[in-house]
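If you want the building blocks of each chain, they are given just below.
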Amino acid sequence: MRNDIGSPADTEQERSSLLGDCLRGLRNRRGLTLVAVSKLTGISISTLSKVENHQLSLTYDKLLQLANGLGADISELFTQETHQRGKGWRSFNPPRVGASIPTPNYDYRYLCADLSSKKMIPITATVRARSMDEFGDFVSHSGEEFVYIIKGDVLFCSEFYKPLPMPAGSSIYFDARMGHAYLNSGEAEAEILCICSSPESELDSVMAKMLAEDGQP
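All chains use their own residue numbering, which begins from 1 and follows the written sequence. Totals for whole chains, interfaces and linings use every residue, but because this is a predicted model, local features are given only for residues with pLDDT of at least 70 and side-chain atom pairs only at 80 or more, for both listing and counting. Just so you know, side-chain values use all the structure's heavy atoms and leave hydrogens and water out.

Caption draft 1: Inspection of the overall build of the protein at higher detail. Strands are runs of DSSP state E lasting at least 2 residues, helices are runs of H or I lasting at least 4, and numbering of each runs from the N terminus. Across its full length, the protein carries six helices and nine strands. Going through the 217 residues of the protein one by one, you find that 48% of them count as buried. Residue exposure ignores everything except the shown protein chains as possible cover, and the areas themselves are Shrake-Rupley values with a 1.4 Å probe. Within the structure as shown, the protein displays about 11000 Å² of accessible surface, and the carbon and sulfur contribution to it stands at 53%. Burial classes follow relative accessibility: with a 1.4 Å probe on protein chains only, a residue under 20% of its type's maximum area counts as buried, one over 50% as exposed, and anything between as partly exposed.

Structure (structure tokens):
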């Protein structure tokens, strides 16, 4: 089973091939025709056909549109099959591998993306923004959030508290309904491990909103 979108060795052609194979596999498992998928998602048949034939990739907003229309987690578009949940399952994530999604404020990497409908969403992220003016509005979502600073210096900003400096090795656990943001407060690259209890679809919507506000296609 592959789970390597966003790995350093990936090329754009490899990403397109993986997306096409995953879409075809998901469609076949659900017994859907291209016409049916087009009606559910609002994406044209010709575009879907090009994706499945490795001739076209999709921007993040189109991936989200496709996943939402199919009622699937976006991670199901990154793996050729998903684990059937039973007793004793597991998912292994090699170093620097995962579903890579760049946004204006963070470069996200979804971990263990071969598991859909997870109760906890593990993500690593490179923190890009260095000020709230650059970041924009706070982010908030349902559930709880745990963050561990892997490297660099991070400033945790939130609605109800003063900004909190967080050096590498520190961590925080909080109510994610509170508006929050992570800023890179050091000279070096800052990377965090984030574990959320929110549904993947809600986190996907948050990232889509961030991309839309930044004017990205």
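Caption draft 2: Looking closely at the nonpolar core. By size, the foremost hydrophobic cluster in this structure holds 31 residues, and its most contacted members are Val154, Tyr182 and Ile192. In what follows, residue pairs with any heavy atoms lying within 4.5 Å of each other are defined as contacts. Excluding residues that lie within four positions of it along the chain, isoleucine 192 makes contacts with Ile123, Thr124, Ala125, Val127, Val147, Tyr148, Ile149, Ile150, Val154 and Tyr182. Judged by nonpolar contacts, the second largest core, of 17 residues, contains Leu32, Leu58, Leu66 and Ala72. Grouping buried Ala, Val, Leu, Ile, Met, Phe, Trp, Tyr and Cys residues that are joined through side-chain atoms within 4.5 Å yields what is termed a nonpolar core.

Caption draft 3: Quick look at empty space enclosed by the protein. We place a 1 Å grid over just the protein atoms. Points where a 1.4 Å probe fits but has no way out form a cavity, open points with protein on both sides within 12 Å along at least 5 of 7 lines form a pocket, and any residue with an atom within 4 Å of a point lines it. Grid points are joined across faces, edges and corners, and a volume is the space filled by probe spheres set on the points. Taken as a whole and judged by the stated rule, the model has one cavity of 30 Å³ or more. Put simply, the largest cavity is a space of about 190 Å³. Looking at the largest cavity, it is lined by 15 residues, and the ones nearest its centre are Tyr108, His141, Glu145, Cys194 and Cys196. Mapped by element, the contributors of at least two residues to the lining of the largest cavity are strand 2 (106–110), strand 3 (121–127), strand 8 (180–184), strand 9 (190–196) and helix 6 (200–213). Per-class residue counts for the lining of the largest cavity are 12 nonpolar, two polar and one charged. Throughout this entry, Asp, Glu, Lys and Arg are counted as charged residues, while Ala, Val, Leu, Ile, Met, Phe, Trp, Tyr, Cys and Pro are counted as nonpolar. The remaining residues, Gly among them, count as polar.

Caption draft 4: View of the state of the cysteines. Cysteine sulfur atoms that pair up within 2.5 Å are treated as a disulfide. Counted according to the given criterion, the structure contains zero disulfides. This cysteine, cysteine 196, is not joined by any disulfide, and cysteine 194 carries the nearest cysteine sulfur, 3.5 Å off.

Caption draft 5: Quick look at the sheet that holds strand 6 (residues 164–167). Pairs of strands are assigned from DSSP output, requiring at least two bridges between the strands. The strand order across the open sheet formed by three strands is 6-5-8, and the pairing between neighbours is antiparallel. Sheet topology places strand 6 and strand 8 at the edges, where each strand pairs with a single neighbour. Adjacent strand axes in the sheet meet at a mean angle of 25°, parallel and antiparallel pairs treated alike. Of the strand pairs in this sheet, strand 5 (residues 153–158) and strand 8 are connected by five bridges, and their pairing is antiparallel. The partner of serine 158 across the bridge, within strand 8, is histidine 180. Only the stretch in contact is used when fitting a helix axis, every axis being a line fitted to C-alpha atoms; angles between N-to-C directions are given from 0 to 180 degrees.

Caption draft 6: Inspection of the packing of helix 2 (residues 34–41) against helix 3 (residues 45–52) at higher detail. Following both chains from N to C, one finds helix 2 and helix 3 inclined at 120°, their axes separated by 9 Å at the closest point. Two packed elements cross with a definite hand, and for helix 2 against helix 3 that hand is right-handed. Along its contact with helix 2, which presents Leu34, Val35, Val37 and Ser38, the element helix 3 presents Ile45, Leu48, Ser49 and Glu52. Residues that form the contact of helix 2 with helix 3 fall into these classes: five nonpolar, two polar and one charged. Each helix crossing is assigned a hand: it is left-handed if the near helix lies turned anticlockwise from the far helix by less than a right angle, otherwise right-handed if that turn is clockwise.

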